Amino acid sequence: METTRAKVDPRPLTRLAAAGALGIVAGVAAKLADESGIGWLSDLGTFGAIWVLVIIVIAWTAPTLVAATGRAALFFIGLSMAYYAVSSFVLGFPDTGLVVRWAGLAVTAVPIMAAATWWAAGRRGLLPAIVAALVAAVALFDGNVLPFWYAATGDPLPPEFPYRPVQAAVEIGTALVAVLLIPRERLTRAVALALVVPASFLVPELVNIAIRAVPG
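An account of the accompanying structure is given in this report. What you see is a predicted model; the values in this text were computed from it and never measured.

**Side note on the side chain of Glu171**
Structurally, Glu171 is set in helix H9 (residues 165–181). Buried within the structure, Glu171 lacks any salt-bridge partner; Arg164 is the closest side chain of opposite charge, at an N-O distance of 7.7 Å. For Glu171, the contacting residues outside a window of four places in its chain are Ala49, Ala139, Leu140, Asp142, Gly143, Asn144 and Val145.

In structure tokens form, the structure reads like this:
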């Protein structure tokens, strides 16, 4: 008499592996971009907005909370490992230990953000709006939009102050994706947009907490 075996769907594991592999590719690309000597390309690999966008996309496309957190964590583990492997073993930079910190963030802050984004996607109300605003504020955290704001309002800046128009556009674009794509209802989107500025004052504290919570 034949024994019926339960079939295991391999697709979730395949997609987790794919997330890790894509993270490795992204890490190599980010380090090469960082060392390219092309200002805007180096900025993309250095600043965080593009990676916030990746978390949004991962969470948005994940079918479950577990998939969102797992894919995000594996992507950023692969990203961190590959980035610092290229830095140390290919380019010969001394090991600074930052890989430990970024790997720690990959298994703490990154899945938390992915989980919150996944939960907020499609929901309406104040709490999803707050989540979307916080994600948008993280995208704006590096502050490359501020010089253009100061210039537009006539506030003086040092002559050598760097202006990064491409990176500023990426930060604004990612923030807009967060507030317009995560909530799927107009009023929630409007509330999220209104909360971005207040959230921007809270995010630096959250970032400091996340950094202090991991070794490195």
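**What about the layout of surface pockets?**
Estimated volume of the largest pocket: approximately 1,200 Å³. What lines the largest pocket is a set of 38 residues, and nearest its centre among them are Trp102, Leu105, Ala109, Val138 and Val207. Of all the secondary-structure elements, those providing two or more residues to the lining of the largest pocket are helix H2 (39–46), helix H3 (49–61), helix H4 (65–90), helix H5 (98–106), helix H6 (109–120), helix H7 (126–139) and helix H10 (186–212). Per element, the largest residue contribution to the lining of the largest pocket is 6 residues, and it comes from H10. In the lining of the largest pocket, the residues fall into 31 nonpolar, 5 polar and 2 charged. The space that makes up the second largest pocket amounts to roughly 590 Å³. Those elements that provide at least two residues to the lining of the second largest pocket are helix H8 (146–153), H9 and H10. The biggest single contributor to the lining of the second largest pocket is H10, with 6 residues.

**Quick notes on the nonpolar core**
Among soluble globular proteins, nonpolar side chains are generally buried collectively. Of all hydrophobic cores here, the largest spans 36 residues; its most connected members are Trp51, Phe75, Phe76, Val135 and Ile182. Looking at this core, the elements that each hand over two or more residues are helix H1 (11–34), H3, H4, H5, H6, H7, H9 and H10. Excluding residues within four positions of it along the chain, Ile182 makes contact with Ile56, Trp60, Thr117, Ala120, Ala121, Gly122, Ala132, Val135 and Val177.

Basis of the calculations
- Residues numbered from 1 in each chain as written.
- Predicted model: local features only at pLDDT ≥ 70, side-chain atom pairs only at ≥ 80, totals over all residues.
- Heavy atoms only, no water.
- Helix = DSSP H or I, 4+ residues; strand = E, 2+ residues; numbered from the N terminus.
- Buried < 20%, exposed > 50% of the residue type's maximum accessible area, 1.4 Å probe, protein only.
- Lys, Arg positive; Asp, Glu negative; His and termini not counted.
- Salt bridge = Lys/Arg side-chain N within 4 Å of Asp/Glu carboxyl O.
- Contact = heavy atoms within 4.5 Å.
- 1 Å grid on protein atoms, 1.4 Å probe; cavity = no way out; pocket = protein on both sides within 12 Å on 5 of 7 lines; lining within 4 Å.
- Points joined across faces, edges and corners; volume = space filled by probe spheres on them.
- Nonpolar A, V, L, I, M, F, W, Y, C, P; charged D, E, K, R; others polar.
- Core = buried A, V, L, I, M, F, W, Y, C linked by side-chain atoms within 4.5 Å.

Note that all results are geometric; they support no functional claim without further evidence.
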